[in-house]
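Topology and contacts: notes
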Amino acid sequence: MLHPTNCNTVWFVLCMILPVLLQTVEAATYECKNEKYMSEDYCVYRNVVHDGRNAIEFKAPSSKEQHVAFLNSNLKHIPKELLSAFPDMRVLHVVNSNLTSVVIPNKLERLYASNNFISKVIVHQSPATTTMTELMLDSNRLLDVSNITRQLKKLEILNLSGNEELAKAKAIDLGNFDGMKNLRDLLLAGIGAYYVDNDRGVSFPELMLLDLSNNDLITSNLAVKVFAPMPKLETLRLAHNKITKLDVLQLTENNKLKEIYLEGNDFPCEYQALLVKHLIESRVEFPVDHKNAECLQGYMKQNDMCCRGSIMIVDDITIFSAKRESN
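Residues numbered from 1 in each chain as written. Predicted model: local features only at pLDDT ≥ 70, side-chain atom pairs only at ≥ 80, totals over all residues. Heavy atoms only, no water.

Identification of the chain as Leucine-rich repeat protein from Anopheles darlingi is taken from an unreviewed UniProt entry.

Following this line, the structure appears as structure tokens:
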């Protein structure tokens, strides 16, 4: 049995602590301001901090705001309060915000979420009702994008570059993008790919830009036929791989290629000269982004690109020349 003095002490402590425990935690409140950002009108939030546990409230000049951006912010997840505050949101900009996951709500059309730590994408849209046209998820930690390719069938621009472990078994199967008939730009640079496959011959009727640069592609793992179902392909980026030869003749016959990026590969100089000559004759440009880059030992600069100068692959040159003469 408690002594009366102890009882008084206990009740005193409870009277002091209970109100604090029962008090509703006040939510952190942020209000966005209408600003011109990235050449568009956005309602911009700055310095927002949310770890997924603290209560948070979002205010805006109008409930009809459709373009929302976060700058200098730290968001582990997309708060559900944000989605409730902007039910008609069409564009969301959350670049470099430390996100580990991201949500694509029903009416969203464009999402810019580059340079985060995203490993999970939650999609609330269906193939039949999707409104998404542009999705920028470069430089994240994605391992699987099957829900994106399965549900966001109307995407026109998809950037998955810089997700270094995205290529399963070191291969990128273009067949995974089956049904995405509206794709114009597909960026798959730096995803750890050794192989590019399209065994099912999936077509990309509107694709104009394909970026496969900064991977580990070698000649035997890159068949030019994978690009054949891309009749409107204008820009092909193959820079900074490990390619030693390329059937550029077939490549320029199957589409409307206007430019191809080839720097940073392993072409012998004699072979590279033939490639360049054919590209010039075919009126296909070969832009070089790093013209002043120094070449490694055993390599030399030719056409502003480093090429291997010590080994001559006579068979390749003979075959390439024979194909040119036969045409």
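As a further point, take the pattern of salt bridges. Counting across every chain of the model gives 14 salt bridges. In this structure, the salt-bridge partner of Asp 41 is Lys 36, at a minimum N-O distance of 3.2 Å. Using a relative accessible area of 54% as the deciding quantity, one classes Asp 41 as exposed. A relative accessible area of 58% means that Lys 36 is categorised as exposed. (Salt bridge = Lys/Arg side-chain N within 4 Å of Asp/Glu carboxyl O. Buried < 20%, exposed > 50% of the residue type's maximum accessible area, 1.4 Å probe, protein only.)

A few words now on the sheet that holds strand β3 (residues 40-46). Read across the sheet, 11 strands follow the order β2-β3-β6-β8-β10-β12-β13-β15-β17-β18-β19 without closing on themselves; strand pairing throughout is mixed. Both edges of this open sheet fall to β2 (33-37) and β19 (259-261), since each of them pairs with a single strand only. Here the strands of the sheet are splayed against their neighbours by 15° on average, with no regard to which way each runs. Pairing geometry for strand β18 (residues 235-237) and β19, over three bridges, is parallel. Paired with Thr 235 across the bridge in β19 is Glu 259. (Pairing = 2+ DSSP bridges. Helix = DSSP H or I, 4+ residues; strand = E, 2+ residues; numbered from the N terminus. Axes fitted to C-alpha atoms, helices over the stretch in contact; angles between N-to-C directions.)

As a further point, take the packing of aromatic side chains. Tallied over the full model, the rule gives six aromatic pairs. When the centroid spacing of 5.1 Å and the interplanar angle of 15° are considered together, the rings of Tyr 45 and Phe 70 count as stacked. Separated by 25 residues along the polypeptide, Tyr 45 in strand β3 and Phe 70 in strand β6 (residues 67-71) bring together distant segments of the chain. Phe 70 carries the same exposure label as Tyr 45, and that label is buried. Here Phe 58 and Phe 70 contribute two aromatic rings whose centre-to-centre distance is 6.0 Å and whose plane-to-plane angle is 90°, an arrangement assigned as edge-to-face. Here Phe 70 lies in strand β6 and Phe 58 lies in strand β5 (residues 56-59), a separation of 12 residues in the sequence. Across the pair, Phe 70 and Phe 58 agree in class, each one buried. A cation over a ring is seen here: Arg 237 above Tyr 261, with NZ or CZ 5.3 Å from the ring centre. (Phe/Tyr/Trp six-rings, centres within 6.5 Å; stacked < 30°, edge-to-face > 60°. Lys NZ or Arg CZ within 6 Å of the ring centre and 35° of its normal.)

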